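This is what each chain is made of:
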Amino acid sequence: MPDTVLFPQLQSMHIDCIALDKDKVTMTVAVSSRAADCPLCQCPSTRVHARYQRTVADLPISGREVAVVVQARRFRCPSASCPRRIFAERLPDLVAPHARKSRGLRQALEQIGFTAGGEAGARVNDHGNFPPV
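Note that the coordinates shown come from a computational prediction; the quantities given were computed from them, not determined experimentally.

A. A look at the overall build of the protein. Across its full length, the protein holds 3 helices and 7 strands. In the structure as shown, the protein presents an accessible area of about 8200 Å², 51% of it carried by carbon and sulfur atoms.

Given below as structure tokens:
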């Protein structure tokens, strides 16, 4: 079964490792593509400047907290006229730029907040094993 059936938010990535603890699932993933587009000038680049790990909280699975550890890359922009020399690859299916919670988790937490309201939403969140906002 392809990974994208169970984890559609990881469709542009491949799963390297899944570690299960008593109350946490940690998935290590990497982007499958060789290139990334500069967010300013949209020029594609294959020149990797550096690699780093980025941890993103995702929706819980069977009551367990989920952490997605992304092996992310920084690229050099090939355009001489672009003011951004180095940029980090974007992960639009999983997480917004600079965010620490996945798009799915953010939507679920917002829905709880809008539906249940302040204090009631916090109680639902505590019992749903969602990480704090």
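Picking up where we left off.
B. Region of interest: the pattern of salt bridges. With the rule as written, the count across this model stands at 1 salt bridge. With a closest N to O distance of 2.8 Å, Arg73 and Glu89 form a salt bridge. With Arg73 in strand S6 (residues 64–76) and Glu89 in the loop between strand S7 (86–88) and helix H2 (103–116), this pair connects stretches of sequence that are 16 residues apart. Given a relative accessible area of 9%, Arg73 falls into the buried group. The buried category is assigned to Glu89, whose relative accessible area is 4%.

C. Focus on the nonpolar core. Of all hydrophobic cores here, the largest spans 16 residues; its most connected members are Leu10, Met27, Val68 and Leu94. Ala36, Phe75, Cys77 and Cys82 belong to the second-largest nonpolar core, a separate cluster that totals 6 residues.

D. Structural context of the environment of Arg47. Relative to the helices and strands, Arg47 is located in the loop between strand S4 (44–45) and strand S5 (48–61). Taking the C-alpha atoms as reference points, Arg47 and Cys77, 30 residues apart in sequence, are found 7.9 Å from one another. With residues near it in sequence (within four places) discarded, Arg47 still touches Arg74, Phe75 and Arg76.

E. A look at the side chain of Glu89. In this structure the side chain of Glu89 is engaged in a polar contact, spanning 2.8 Å, whose partner is the side chain of Arg73. Sequence-distant contacts of Glu89, defined by excluding residues within four places in its chain, comprise Val31, Ala36, Gln71, Ala72, Arg73 and Phe75.

F. Fine view of H2. The terminal C-alpha atoms of H2, which comprises 14 residues, lie 20 Å apart, in line with the 20 Å expected from a rise of 1.5 Å per residue. For H2, the set of buried residues is Leu105, Ala108, Leu109 and Ile112. Buried residues along H2 cover an arc of 95 degrees about the axis, so they all sit on one side. Across from the buried face of H2, at angles greater than 90 degrees, the exposed residues are Gln107, Gln111, Phe114 and Thr115.

G. Inspection of the packing of aromatic side chains at higher detail. Taken as a whole and assessed by the stated rule, the structure comprises 1 aromatic pair. Plain terms: the ring middles of Phe75 and Phe87 are 5.8 Å apart, the flat faces sit at 20 degrees to each other, and that makes the pair stacked. With a gap of 12 residues between them, Phe75 in strand S6 and Phe87 in strand S7 connect regions that are remote in the sequence. Its relative accessible area of 2% is what places Phe87 among the buried residues. Positioned above the aromatic ring of Tyr52 is the side chain of Arg74, whose terminal nitrogen or guanidinium carbon lies 4.4 Å from the ring centre.

H. Representation of the side chain of Ser45 within the structure. Tracing the backbone through its elements, the reader meets Ser45 in strand S4. Given the relative accessible area of 2%, Ser45 is considered buried. Side-chain polar atoms of Ser45 contact the backbone nitrogen of Arg47, separated by 3.2 Å. Within polar-contact distance, the side chain of Ser45 engages the backbone oxygen of Arg76 at 2.6 Å.

What counts and what doesn't
- Residues numbered from 1 in each chain as written.
- Predicted model: local features only at pLDDT ≥ 70, side-chain atom pairs only at ≥ 80, totals over all residues.
- Heavy atoms only, no water.
- Helix = DSSP H or I, 4+ residues; strand = E, 2+ residues; numbered from the N terminus.
- Areas by Shrake-Rupley, 256 points an atom, 1.4 Å probe, with all protein chains shown as cover.
- Salt bridge = Lys/Arg side-chain N within 4 Å of Asp/Glu carboxyl O.
- Buried < 20%, exposed > 50% of the residue type's maximum accessible area, 1.4 Å probe, protein only.
- Core = buried A, V, L, I, M, F, W, Y, C linked by side-chain atoms within 4.5 Å.
- Contact = heavy atoms within 4.5 Å.
- Polar contact = N/O pair within 3.5 Å; in protein donor to acceptor, adjacent residues only side chain to side chain.
- Expected span 1.5 Å × (residues − 1).
- Arc of directions from axis to C-beta.
- Phe/Tyr/Trp six-rings, centres within 6.5 Å; stacked < 30°, edge-to-face > 60°.
- Lys NZ or Arg CZ within 6 Å of the ring centre and 35° of its normal.

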